[in-house]
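Architecture and fold: a report
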Amino acid sequence: MSGVRVLVGTRKGAFVLTADGKRERWDVAGPHFAGWEIYHLKASPADPNRIFASQSSGWFGQQIQRSNDGGKTWEPVGNAFAYDGVPGTHQWYDGTPHPWEFARVWHLEPSLTDPDTVYAGVEDAALFRTTDGGQTWHELSGLRGHGSGPRWQPGAGGMCLHTILLDPSNAERIFIAISAAGAFRTDDGGKTWHPINRGLKSEQLPDPTAEVGHCVHRIAMHPSRPGVLFMQKHWDVMRSDDAGESWREVSGNLPTDFGFPIDVHAHEPDTIYVVPIKSDSEHFPLDGKLRVYRSRKGGNEWEALTKGLPQSNCYVNVLRDAMAVDSLDACGVYFGTTGGQVYASADAGDSWAPIVRDLPSVLSVEVQTLP
Amino acid sequence: MIRVVLPAHLRTLARVSGEVQIDVEGQATQRTVLDALEARYPVLRGTMRDHVTQKRRAFVRFFACAQDLSHELPDAPLPEAVAAGAEPLLVVGAMAGG
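A few points on the structure. (Residues numbered from 1 in each chain as written. Chains lettered and ligands numbered in written order. Predicted model: local features only at pLDDT ≥ 70, side-chain atom pairs only at ≥ 80, totals over all residues.)

1. Remarks on the overall build of chain A
Selection rule: Every helix listed is a DSSP run of H or I at least four residues long, and every strand listed is a run of E at least two residues long, numbered separately from the N terminus. Partly exposed residues are those falling between the two cut-offs: more than 12 but fewer than 20 other C-beta atoms within 10 Å of their own, whereas 20 or more means buried and 12 or fewer means exposed, with C-beta atoms placed from the backbone.
On a plain count of helices and strands, chain A comes out with zero helices and 30 strands. With the C-alpha coordinates of chain A rotated into their principal frame, the extents come out at 50 × 45 × 40 Å. Each of the 371 residues in chain A was classed as buried or not, and the buried ones make up 52%.

Rendered as structure tokens:
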């Protein structure tokens, strides 16, 4: 019988949640790497039992862990992330130059076809790749060095490269996003990059429509339609129908268009999900009501999904990497909160129930659909 | 033989318990001790000092014989009691919550 495996990264370790295809009874394993921040875990689509995890600590730095048995056992692999050449400077919060310094890996994106190839998005923002299963990492420095780097600046969480989307129809095309620089695309496998931020408007910039500097929080695509992108920006939910060349706002009737995650239904490319958050300084749901919003029309028209979610006195946040979908029928939707809950819906968002309620603050959620 | 006490998280990473005992070629200094530690336990590379610059990580400190050696030069000799194995070198995570 098919099943799902939910990979949860938290401030104090990793957890692996498993269930059969009904998604009613859950087994919770962990914490793995107890006491360490686990920004992200993700499995290889080419070898589902191979999982990579980013393990970090303010004291002891970065580790990358790899499992070859679905998360039961782990081994450390390479942890050296050295910028290519002279790192140079980006903008600090006050606009002054600040040297590039490696802090941690925010996001790991395994290749769609090769279990030894993984991309890593790091803080300070850069993209790295391994082709030997994580033993060695090399920067794709055409991104950081393409020219606009000195104008990038950190968001509140640091200057992080947090989103990596691999185009399943074109192995040479990759989309990435950085807070706060914006979205970028390569069409030659990572050698050269260009900003794809036309149509974004950010009042926090001297020029609100600048080519770079936007605080993009998350980008999502449906694998069957990789030219259509959805974006949760700092403020504004955006859509592109031309692989990022231009964007238009689709916030529509959302009660607030600030938020972090955005994701797409596994079987309906125009069904998308966001979690509206009150504001950039009040990182919790509006009116203390935790509501996922779903649009079945690719944006603009949104409905609140509340069944099973707390509708009073709820002041948690849902971070950018903490929402995912499975590909069962009906599509499962999952998200984790800074309050340590992981909620699951086995009916595409119509109703929700917590898998676990009391984990450490959740940083990331990924889901694998197992045969 | 040099005795080293690692903090709990690094003992877990290195899969050791209790003190670590290592042999150091030549004079015992922070650099030669860390070189020997990292050679035996490659997973510790980058955890106490930067991969590239070799600078001590900001939240890692080195104590021995009731002294703070964190700000000694990497090539300065360690105290004789450490070099002789009578006292351990303590690798300590800075006292900060989390």
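2. A word on the overall build of chain B
Spelled out, the test is: In this description, a residue-residue contact is defined by the distance between C-beta atoms placed from the backbone, which must lie within 7 Å.
The number of helices and strands found in chain B is three helices and five strands. Traced from its N-terminal end to its C-terminal end, chain B shows the element sequence β-α-β-α-β-β-α-β. Along the first, second and third principal axes, the C-alpha set of chain B runs to 35 × 25 × 25 Å. Here chain B holds 98 residues, and the buried ones make up 21% of them. A separation of at least 24 residues holds for 54% of the contacts in chain B among residues at least 6 apart in sequence.

3. Things to note about unusual backbone geometry
Cis geometry is found at the peptide bond from A:Ser179 to A:Ala180, where omega equals -5°. Mapped onto the secondary structure, A:Ala180 falls in the loop between β15 (174-179) and β16 (182-186). Cis peptide bonds are those with omega within 30 degrees of zero, and the linkage from A:Asp329 to A:Ala330 qualifies with 10°. Locating A:Ala330 in the fold gives a position in the loop between β26 (323-325) and β27 (333-336). One non-glycine residue with positive phi stands out, namely A:Ala243, at about 55°. Looking at where A:Ala243 falls in the secondary structure, it is placed in the loop between β20 (237-240) and β21 (248-249). Phi angles above zero are rare outside glycine, and B:Ala66 is one such case at about 65°. As for its position among the elements, B:Ala66 is in the loop between β3 (60-64) and β4 (67-68).

4. With respect to the sheet that holds strand β18 (residues 216-221) of chain A
Residue and element names in this part refer to chain A. To keep things clear, this is the line we draw: When DSSP finds at least two bridges between two strands, those strands are taken to pair.
Sheet architecture is open: four strands sit in the order β18-β19-β20-β21, paired in antiparallel fashion. Each of the sheet's edge strands pairs with one partner strand only, and the pair in question is β18 and β21. As judged from the two bridges shared by β20 and β21, these two strands associate in the antiparallel manner. Bridged to methionine 238 within β21 is glutamate 249.

5. Let's talk about the nonpolar core
The line we're drawing: Note on terminology: a nonpolar core is any set of buried Ala, Val, Leu, Ile, Met, Phe, Trp, Tyr and Cys residues joined through C-beta atoms within 7 Å.
Ranked by size, the top nonpolar core spans 107 residues in total, and within it A:Val6, A:Val8, A:Ile176, A:Ile219, A:Tyr334, A:Val342 and A:Val365 carry the most contacts. Sequence-distant contacts of A:Val365, defined by excluding residues within four places in its chain, comprise A:Val6, A:Val8, A:Ala322, A:Met323, A:Ala324, A:Tyr334, A:Phe335, A:Gly336 and A:Val342. Grouped together as the second largest cluster of nonpolar side chains are 19 residues, A:Trp59, B:Val33, B:Leu78 and B:Val82 included.

6. Focus on the interface of chain B and chain A
This is how the line gets drawn: Gly is put with the polar residues, along with every residue not named as nonpolar or charged; the nonpolar set is Ala, Val, Leu, Ile, Met, Phe, Trp, Tyr, Cys and Pro, and the charged set is Asp, Glu, Lys and Arg.
Tallying the contact residues gives 14 residues for chain B and twelve residues for chain A. Ranked by residue count, the leading element in the side of chain B that touches chain A is helix α1 (residues 8-14) of chain B, at three residues. When the residues that make up the side of chain B that touches chain A are grouped by side-chain class, the tally is seven nonpolar, six polar and one charged.

7. Brief notes about helix α2 (residues 30-40) of chain B
Residues and elements named next belong to chain B. Let me state the cut-off plainly: Note that the arc is defined by the directions from the helix axis to the C-beta atoms.
Listed in full, the buried residues belonging to α2 are Gln30, Val33, Leu34 and Leu37. Down the axis of α2, the buried side of the element spans an arc of 95°, and every buried residue falls inside it. Structurally, α2 contributes buried residues whose contacts are with β1 (2-5), β2 (20-22), β3 and β5 (89-93).

8. A short note on the pairing of strand β24 (residues 292-295) of chain A
Residues and elements named next belong to chain A. Residues Val292 and Arg294 line one face of β24 and the alternating positions Tyr293 and Ser295 line the opposite face, and both faces are buried. Bridge count for strand β23 (residues 272-274) against β24 is three bridges, and the pairing is antiparallel. Looking across to β24, one finds that valine 274 is bridged to tyrosine 293.

9. Looking at the pairing of β27(A)
Successive residues of a regular strand alternate their side chains across the two faces of the sheet. Residues and elements named next belong to chain A. Alternating residues of β27 divide into Val333 and Phe335 and Tyr334 and Gly336, and every residue in both groups is buried. In the sheet, β26 pairs with β27 via three bridges, with the strands oriented antiparallel. The partner of alanine 324 across the bridge, within β27, is tyrosine 334. Hairpin connection between β27 and strand β28 (residues 342-345): a loop of five residues separates the two successive antiparallel strands, and glycine 340 in this loop has a positive phi of roughly 90°.

10. Observations regarding the environment of A:Gln62
Within the secondary structure, A:Gln62 is located in strand β6 (residues 61-67). Between the alpha carbons of A:Gln62 and A:Asp94 there is a distance of 27 Å; along the sequence they are 32 residues apart. Non-local contacts of A:Gln62, meaning those with residues more than four positions away in its chain, are made with A:Ser56, A:Asn79, A:Phe81, A:Arg104, A:Val105 and B:Gly46.

11. Section: the sheet that holds strand β4 (residues 37-44) of chain A
Residue and element names in this part refer to chain A. One open sheet accounts for four strands, arranged β4-β5-β6-β7; its pairing is antiparallel. Each edge of the open sheet is held by one strand with a lone partner, namely β4 and β7 (75-76). The pairing of strand β5 (residues 47-57) with β6 spans seven bridges and is classified as antiparallel. Bridge assignment links serine 56 to a residue of β6, and that residue is glutamine 62.

12. Description of the environment of A:Gly252
All names here are of chain A. Looking at where glycine 252 falls in the secondary structure, it is placed in the loop between β21 and β22 (262-264). Once the C-alpha coordinates of glycine 252 and aspartate 270 are considered, the two residues, 18 residues apart in sequence, prove to be 15 Å apart. Look past the residues within four positions of glycine 252 in its chain and what remains in contact with it is Gly299, Asn300, Glu301 and Trp302.

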